[in-house]
Amino acid sequence: MNTYNFYYDESSHSRNINEKTFYAHNYYENFIATIIGWDSNKNELMASRFEKFSNMYKNDYCKDGEFKSQTIKAKNFEFGFASLNKHVTQFLHDYFSLFDSDINIYVCCISKFEYIINQLLCQYPRNNLINAIEYTIVKTILVYKPKELINAILNQDYNSFIKLLKYFLMQQYKNNKKIPHKNNENKNIFSVIHFLNYIKPYTKISHTWNYKIALDGFKLYLKEKQIIDYHLFIDNEINTKESAMAVLKTENISNCDSKQYYQIQLADLMSGILLKLLSSINNERKYKNSDSYHSLQYFNEKWFELNKQSFLLYQKLYDILFVYDNSYTKVYTGIYRDDLNVLKSLLMYFHSYSYEEYYEVYKKRGAKYHSKEFMKTLNQVFREDFDITIN
């Protein structure tokens, strides 16, 4: 029986969800965890690959003696890979090239507000209706950001939150009536308003992050992959280690110093890259003004102004997430996963031009064409996910 070693790191982890964390300048809504690993027989091969990679980039991308995603500034990802400079593009190209079909990778992406709303509704049996209600409430908070409503829930005033939520949704329902592309949203809002007339919110809610969530998903991943003999290494974080031991029911879990474990550094880089991409997607999707609310929003054309190297980066990330290890439980999410669905849509769209020779075809069609054409893929992904989640 093969023995596997796995390495865990996380990004955008708020230990407590409150006003201080939510209004922080670097707050991002999703908690992200990445676990990478491989059969221990591959240890020498991976060490050799990493040594070559490290020799090329340690002077530019190491912080305090280790590779950290923090060395790549978030502003570089403003328009995804299109806004990367030449050096960062080459760095990511060589980093992605470390991965192949022998590398296991698991990703967890969970909305922090969904974590709270999920507890608020915990007394109701899980079904498609409750999933739809939870999704609509979380999306309302994150898309429209009504401050009074947000502060009520962050300050744990749940009864006021329900009253304010109902009022806000009624106003939003009226505002949406004259906007054709808001018809589906209004159907969901109407259902939530009706539900709120009868809700009895559960009030014993924890705003302290539950680190078990990411490990619950990893447990499902191990089961699907039929991996029994393994060791999990976690960058020094006692909460995560205790959660892992409780969920996985094994002693084969160790805290470790990431400076001494290059594998943790690889997981850190992946978590950080995904965080920056998802955060940029989130910024792109925000309503910029009242006019943007009333019209269909296309992605900025700059997202699609790709040179050949940045174009190929998307192909490599697609392979890592969807081809090399296509396990069903590889990506673990909650009900609200809009940013992740947009990233999935981008990867699928660029993959439709997957062969290298197709780049010239892609380039010839121009960014304006791709900005509009991308909406078809985006709508398809959301429609399919909506069908699975809601209906």
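To start, this report covers the structure provided alongside it. Remember, it's a predicted structure, so these values are computed and weren't measured experimentally.

Topic: the nonpolar core
Now for step 1: Judged by nonpolar contacts, the single largest core of 127 residues is most densely connected at F161 and L232.
Now for step 2: Among the elements that take part in this core, helix 11 (residues 262–285) stands out by supplying 12 residues, more than any other.
Now for step 3: Leaving out residues up to four positions away in the same chain, L232 has contacts with F6, Y7, Y8, I35, L215, F218, A244, L248, N252, I253 and S254.

Considering helix 4 (residues 112–120)
Now for step 1: Most of helix 4 sits inside the fold, with 8 of its 9 residues counted as buried.
Now for step 2: Taken together, the buried positions of helix 4 are occupied by K112, F113, E114, Y115, I116, I117, Q119 and L120.

Focus on the pairing of strand 6 (residues 104–111)
Now for step 1: The buried fraction of strand 6 amounts to 8 of the 8 residues, a majority that puts the element mostly inside the structure.
Now for step 2: Here strand 6 shows a buried face lined by N104, Y106, C108 and I110 and a second buried face lined by I105, V107, C109 and S111.
Now for step 3: Direction of pairing for strand 2 (residues 30–39) relative to strand 6: antiparallel, over a ladder of 8 bridges. When the sheet's bridge partners are listed, T34 is paired in strand 6 with V107.
Now for step 4: Relative to strand 9 (residues 331–333), strand 6 runs parallel, the two sharing 3 bridges. Considered in strand 9, the bridge of C109 is made with T333.

Concerning the sheet that holds strand 7 (residues 230–235)
Now for step 1: Ordered in space as 8-7-1-2-6-9, the 6 strands form an open sheet in which the pairing is mixed. Two strands lie at the open edges of the sheet, namely strand 8 (253–256) and strand 9, each paired on one side alone. Sheet twist, expressed as the average angle between the axes of neighbouring strands with direction ignored, equals 20°.
Now for step 2: In this structure, strand 1 (residues 4–11) lies alongside strand 7, joined through 5 bridges in parallel fashion. In the sheet register, Y4 faces strand 7, and the bridge partner there is Y230.

With respect to the packing of aromatic side chains
The geometry of an aromatic ring pair is captured by the separation of the ring centres together with the interplanar angle, meaning the angle of the planes.
Now for step 1: A complete count under the given rule lists 52 aromatic pairs for this structure.
Now for step 2: For the ring pair F53 and F91, a centre distance of 5.4 Å and an interplane angle of 35° mean the geometry is tilted. You can see F53 sitting in helix 2 (residues 43–61) and its partner F91 sitting in helix 3 (residues 86–96), a full 38 residues away along the chain.
Now for step 3: A relative accessible area of 2% places F53 in the buried class.
Now for step 4: Judged by its relative accessible area of 0%, F91 falls in the buried class.
Now for step 5: With centroids separated by 6.3 Å and ring planes inclined at 50°, the aromatic side chains of F53 and Y95 adopt a geometry described as tilted. Of this pair, F53 sits in helix 2 while Y95 is found in helix 3, placing the two residues 42 residues apart along the sequence. Across the pair, Y95 and F53 agree in class, each one buried.
Now for step 6: Over the aromatic face of Y23 sits the side chain of K147, whose NZ or CZ is 5.7 Å from the ring centroid.

As for the state of the cysteines
Now for step 1: Within the structure shown, the criterion is met by 0 disulfides.
Now for step 2: C109 supplies the cysteine sulfur nearest to C108, a cysteine that is in no disulfide, at a spacing of 7.3 Å.
Now for step 3: Cysteine C256 shares no disulfide, and the gap to the nearest cysteine sulfur, in C62, comes to 16 Å.
Now for step 4: For C256, a relative accessible area of 5% gives the class buried.

A word on the packing of helix 13 (residues 308–323) against helix 14 (residues 338–351)
Now for step 1: As a packed pair, helix 13 and helix 14 sit with axes 9 Å apart at the nearest point and diverge in direction by 115°. Judged by the twist between their axes, the crossing of helix 13 over helix 14 is left-handed. Between helix 13 and helix 14, the contacting residues are F311, Y314, Q315, L317, Y318, L321 and F322 on the first element and K344, L347, M348, F350 and H351 on the second.
Now for step 2: Partitioned by chemical class, the residues of the contact of helix 13 with helix 14 number 9 nonpolar, 2 polar and 1 charged.

Some thoughts on the side chain of S345
Now for step 1: On the secondary structure map, S345 appears in helix 14.
Now for step 2: With a relative accessible area of 0%, S345 lands in the buried category.

Notes on the pattern of salt bridges
Now for step 1: Taken as a whole and judged by the stated rule, the model has 11 salt bridges.
Now for step 2: Between R126 and E134 there is a salt bridge, with its nearest N and O atoms 2.4 Å apart.
Now for step 3: Of the charged contacts in the structure, one is a salt bridge between K182 and E185, with a shortest N-O distance of 3.6 Å.
Now for step 4: Salt bridges linked by common partners bring K139, R285, D338 and D339 together as one network.

About the thresholds
Residue numbering note: each chain is counted from 1, following its sequence as written. Whole-chain, interface and lining totals are the exception, using all residues; otherwise, since this is a predicted model, local features are given only for residues with pLDDT of at least 70 and side-chain atom pairs are given and counted only at 80 or more. The basis for every side-chain value is the complete set of non-hydrogen atoms in the structure, without hydrogens or water. To define a nonpolar core, start from buried Ala, Val, Leu, Ile, Met, Phe, Trp, Tyr and Cys residues and group those joined through side-chain atoms within 4.5 Å. Remark: exposure states derive from per-residue accessible area (1.4 Å probe, protein chains only) relative to the maximum for the residue type, with buried under 20%, exposed over 50%, and partly exposed in between. Only DSSP runs of H or I reaching four residues or more are called helices, and only runs of E reaching two or more are called strands; each is numbered from the N terminus. Residues count as neighbours in contact if any of their non-hydrogen atoms are within 4.5 Å of one another. Strand pairing requires that DSSP identify at least two bridges connecting the strands. Each axis is a line fitted through C-alpha atoms, taken for helices only over the stretch in contact, and angles between the N-to-C directions span 0 to 180 degrees. Stacked, tilted and edge-to-face are the three classes assigned to paired rings of Phe, Tyr and Trp, where Trp is represented by its six-membered ring and a pair needs centres within 6.5 Å; plane angles under 30 degrees give stacked, over 60 edge-to-face, the rest tilted. Criterion for a charge above a ring: Arg CZ or Lys NZ at most 6 Å from the ring centre, at most 35 degrees from the ring normal. Disulfide assignment relies on a single distance test, namely cysteine sulfur atoms paired within 2.5 Å. What makes a crossing left-handed is the near helix being turned counterclockwise from the far one by less than a right angle; a clockwise turn instead makes it right-handed. Residues are grouped as follows: nonpolar covers Ala, Val, Leu, Ile, Met, Phe, Trp, Tyr, Cys and Pro; charged covers Asp, Glu, Lys and Arg; every other residue, Gly included, is treated as polar. Think of a salt bridge as a Lys or Arg side-chain nitrogen and an Asp or Glu carboxyl oxygen that are within 4 Å of each other.

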